[in-house]
Structure formats: C-alpha cells, structure tokens
Amino acid sequence: MSWWNPTDVGRATRALLVDLGRGARLFVRLLASLGTTLQRGRLIVDQVHFLGNHSLAIITVSGLFVGFVLGLQGYYTLQRYGSAEALGLLVALSLVRELGPVVTALLFAGRAGTSLTAEIGLMKAGEQLAAMEMMAVDPVQRVLAPRFWGGVIAMPLLAAVFSAVGIVGGYLVGVPLIGIDAGGFWSQMQGGVDVFKDVGNGIVKSFVFGLTVSFVALLQGYTCQPTPEGVSRATTRTVVIASLAVLALDFVLTAMMFSV
Amino acid sequence: MTSPTAPSPADSAPPLVELRGVTCGYGERVILRDVDLTVPRGSVLALMGTSGGGKTTVLRLIGRQLEPMRGQVLFDGVDLAALDREALYAARRRMGMLFQFGALFTDLSVFDNVAFPLREHSTVGEAMIRDLVLMKLEAVGLRGARDLMPSQVSGGMARRVALARAIALDPELMLYDEPFAGLDPISMGVAARLIRELNRALGITSIVVSHDVHETFAIADQVVFLANGGVVAQGTPAAMRASTDPLVRQFIDAEPDGPVRFHYPAVPADEDFGVRAP
C-alpha cells in the first residue's frame, strides 16, 4: 500500500469503514444480548469466576505495591507542608478516583483480555464457532455475550479489590513503617472521601473500562485470521488498543466528572 | 454423465439439495463458476476433486456459511439466500455437519459435546438428554468414552464424537468435510461404515467431501468430480472407474502428472538456474 496512490488509500479507507461498521454492529448485538444472557445466568457466573477470580492474584499484588508507593511518595510531598496526616486521604482519593479503575483496566487487558482474544481466536481457528453456527446456535449469544458481561461485571469488583488493597498498602507504609498517627490517617480519609463523587465516579469509570476492554478483546478474537499468526497478532492488538482506549477514555471521563 | 441406479421412490421426490447456476468465491477469487448440482434424497453423494477445486466451498454454500455471488442454493426447495436468521437456523437444525478435524468444543467432555445441541434446542430434561447422548455415542461405538475430554481422544475418535454430535438432532442432511483425512486404515474403515450405516438406518441424505478414492467409492451412490471451477464428471462409482476422462483417470490412478500439472507454473528452469544450452 502506498499513501500517494489514491486507489490504495481508497481501498484502505473502505476496509477501515467496513471494520468499524462490523465492530459497531457486534457492540450493539452484545449490548442487546443482556436480557437473553441474564436468563442463562450460570454462563455469566462462570465467566465472572474465570475472568475475575483468575485475575485476583495479579490485581491484589499490584494494588498492594501501588499502595506502598503511594504511601511513600505521598508522605514525601505532604510532610513538606506539615500535613502528613492527610496521607490516608491522598492514598484513598488517588486510588478510588483514578488509579484503581485505570490500573485495574490495564492489568485486566493484559491478563483477561488476552486470554479472551486467544480463546475466541483459537475457537475460530478450530472451526468451533463455525460448528456452533451449523448447529443453529448463535456464537455471539452463546460464547461472546457471557464473556462480555462477565468482564463488565468483573471489572468494578476487581477495581474495588485493587483500591481496598492499595489503601491497606498505604496504611502499612504510612502508619507502622513511617509512624503517622493511625487515627489521623483513617479520619482524614473518612471525612474527605465522598461516596458518590469519588467512589461513585470510580465505579462508573471501571464499568466503562470493563465494557471497553471486554469488547476490544472479543472483537479482536472474533475477527482475527484463523491462523497461529493471526491469533498472535490479535492478542497483541488487544493489549495495545484496549490500553490506549482506557487511557483516552479516562481523560474524557475525568474531564466530564470535573465539570459536574 | 451417467444415470447410476434403478429408479427408487426417492428418485421421484424433489431433490433435498440443489445448486442452480452458482458462482462463488472468496474476495475477488472465483472458486465455482456457474455450477449446477442435484442431491437426491436418501443418497450418499461424494464430492471429489483436486485441492482448491471447490468441494468444501459447496458444503459451506449448503450451510449458508458462504453466500453465492450468482445463482441459487436450494434446500428442500427453498432458496437459502432468502431466509432470515431465524429461518436459516431452522434449516440448519435439519442439517448436521462433520468438520474436517471434528471441531469439538475443547472445554467440554465427550458427553457434553454430544449433549450440546440437545441442551440448546430441546426442552427435554437431563435424564432424557443422558439417554439420547448415550444412544448416539453407542451408535459410533464410544459410549465408554463419555467422560473423556477431547484432548484425551485420538483423531479418529474425535471424528466419531463429532459425528455423534452432528446426528444428535436427527438431521435430514449430513455434510461430511474430509471425514477420512489423517485417519489410519482401521479408523478410515470405521468412519466409512458409519457414514453408510447412518445414511441407511436414519434415512438421511449425505454429502461426503473426500480425496480417498477407495473408501469413498465403496459408500457413495453418486460421485461428482469438481475441478477448474466446475463439475467435470458425474456418475456412479463404477462409471467413474470406467471413465476415460483424463482428469478422472489421473485422480483415480493417482498419477503425479496429467491435466493437473505436477509443477506450479514457473519461468523456464534454465532461466532460474542461469544455465544455457550449448
């Protein structure tokens, strides 16, 4: 393809529009599948377990270390202004408003998103999706939708775990290690964190990220070339596209939430 | 073209599958050009021919996994292209397809693979599903393998499990994509016998895509040779054996060179190797 050849540019643009249209149609079908998928709740529960439970270790460990670092860096800044007791508030706000949803989404894209893409891609390569079609079973309803909604449900739960463990990490560094007053640490947090504005916005963010990462992962798997190379490329694309989408959406959502 | 067998009641019935002037391909590459094909009810029709000749494409057209560029694909007299999703799925419930490598669901056991279409499409209870699944597995000789996972069974067994799954809903039409590929002689014989027996016992119509002359000729009522985008020969296995068509002869006698060239088109060898005649 050469960028100065109008035919090639036209062909590439048309292919891009076709891909976008196909992706949009799949997204709408997945959203519309909520009712029928909920009727078979067992499938969603299995996916929440598979995607969520298996991501728990990486989320917990990452949350703990992020909390440690927040404790150290926060104390370093706050003690300059004599407000080290506000460490609890700083750690909590950083986690529930921003780091919890965003870092969880990035880790989820790497851990569960790639697994979703590879699973769907390999099902396609092994003709399992075609076999399902020939059995008059819609693969979007039976395979993709439970995974999509499983991911959407698992993400806020994982973000909550990440934030909670991160706060414990900040506490361990701030209180037992540095020696900040434990009462000040918790009371500042209790007084400064708003349930709706801070925690609520964080939940909205992680819900949107859940939609984004799950959709990108499933789309890449569903539309990949059914070859080893195709599946491998799709898996890489999942991480890249989902991560960039999460960061871009985070900016948009944060800007919207600030303006409210 | 030969008329194979004496007329039977099935011959007077309209064909179960019919391709009328079908042109079809992938992207801009045309695989089949203006193909007409009729599959009589109750028969075993074998589609044979060179690789890339369009055999699997015919199966994909019949299942409407692929749409023709021109022409019609009729199933029981109905043009498949005219069906909406619901009607298409209703038609597919009357078909079963055996994929080349089985396409078993790798996260489900042998039992659950066979039970899958029953659980999706029927309202019968688990006790009835259990009995039905065991009957289907018994038919393919694998009742004892019900608890194994697909990774624990051989290629031949996987193909038989997939066959049990394909007949779970008692289809009227069975599509077999390379059922003998990669099987040892024993498994191949078992697969061939099963195809013929199921066709007879269930009264279904079967289309078998295969390269294996010996096993396929033994079970087919009609053989259709596809090459160069069209049907080049058609008739009973006996008629095909006696055929003088060069392509059919090359295929049956497994000759390396003939109408199908051994060498892919290339520039003259002396040009490539830089050798000049003295």
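Predicted model only: the values in this text are computed from it and were never measured. (Residues numbered from 1 in each chain as written. Chains lettered and ligands numbered in written order. Predicted model: local features only at pLDDT ≥ 70, side-chain atom pairs only at ≥ 80, totals over all residues.)

For chain B, the count of helices and strands is eleven helices and ten strands. On C-alpha atoms alone, chain B measures out to a radius of gyration of 21 Å, which is about the 19 Å that the 2.2 N^0.38 rule sets for 278 residues. Considering only C-alpha atoms, chain B reaches an extent of 80 × 45 × 40 Å along its principal axes. Within the span of chain B, comprising 278 residues, buried residues form 40% of the whole. Across chain B, the fraction of contacts at a sequence separation of at least 24, relative to all contacts at a separation of at least 6, is 66%. (Helix = DSSP H or I, 4+ residues; strand = E, 2+ residues; numbered from the N terminus. Rg over C-alpha atoms; globule rule 2.2 N^0.38 Å. Buried ≥ 20, exposed ≤ 12 C-beta atoms within 10 Å, placed from the backbone. Contact = placed C-beta atoms within 7 Å.)

Turning to the interface of chain A and chain B, a few remarks are in order. Contact with chain A, which involves ten residues of that partner, is made by 13 residues of chain B. Among the residues forming the side of chain A that touches chain B, the class breakdown is six nonpolar, two polar and two charged. (Nonpolar A, V, L, I, M, F, W, Y, C, P; charged D, E, K, R; others polar.)

Moving on, we get to the pairing of strand 8 (residues 205-209) of chain B. Residues and elements named next belong to chain B. Counting buried positions along strand 8 yields five of five residues, so the element is predominantly enclosed. Residues Thr-205, Ile-207 and Val-209 point to one face of strand 8 and Ser-206 and Val-208 to the other, with burial holding for every one of them. Two strands pair when backbone bridges link them, and strand 3 (residues 44-49) and strand 8 are joined in this way by four bridges, in the parallel orientation. Bridge pairing in strand 8 places Ala-46 opposite Val-208. Bridging between strand 7 (residues 173-177) and strand 8 involves five bridges; their strand directions are parallel. Paired with Met-174 across the bridge in strand 8 is Ser-206. With helix 7 (residues 185-202) bridging strand 7 and its parallel neighbour strand 8, the resulting β-α-β unit is right-handed. (Pairing = 2+ DSSP bridges. Right-handed = clockwise from strand over helix to strand, strands pointing away.)

Time to look at the confidence of the model for chain B. Residues and elements named next belong to chain B. Model confidence for chain B is summarised by a mean pLDDT of 86, while 94% of its residues fall at 70 or above. Mean pLDDT across the elements of chain B bottoms out in helix 1 (residues 9-12) (54) and peaks in helix 4 (residues 110-121) (94). The model gives residues 1-7 a pLDDT under 50, and that stretch makes twelve contacts with residues more than four places away or in other chains. This complex was scored by the predictor with a pTM of 0.85 and an ipTM of 0.83. (pLDDT = per-residue confidence, 0-100.)

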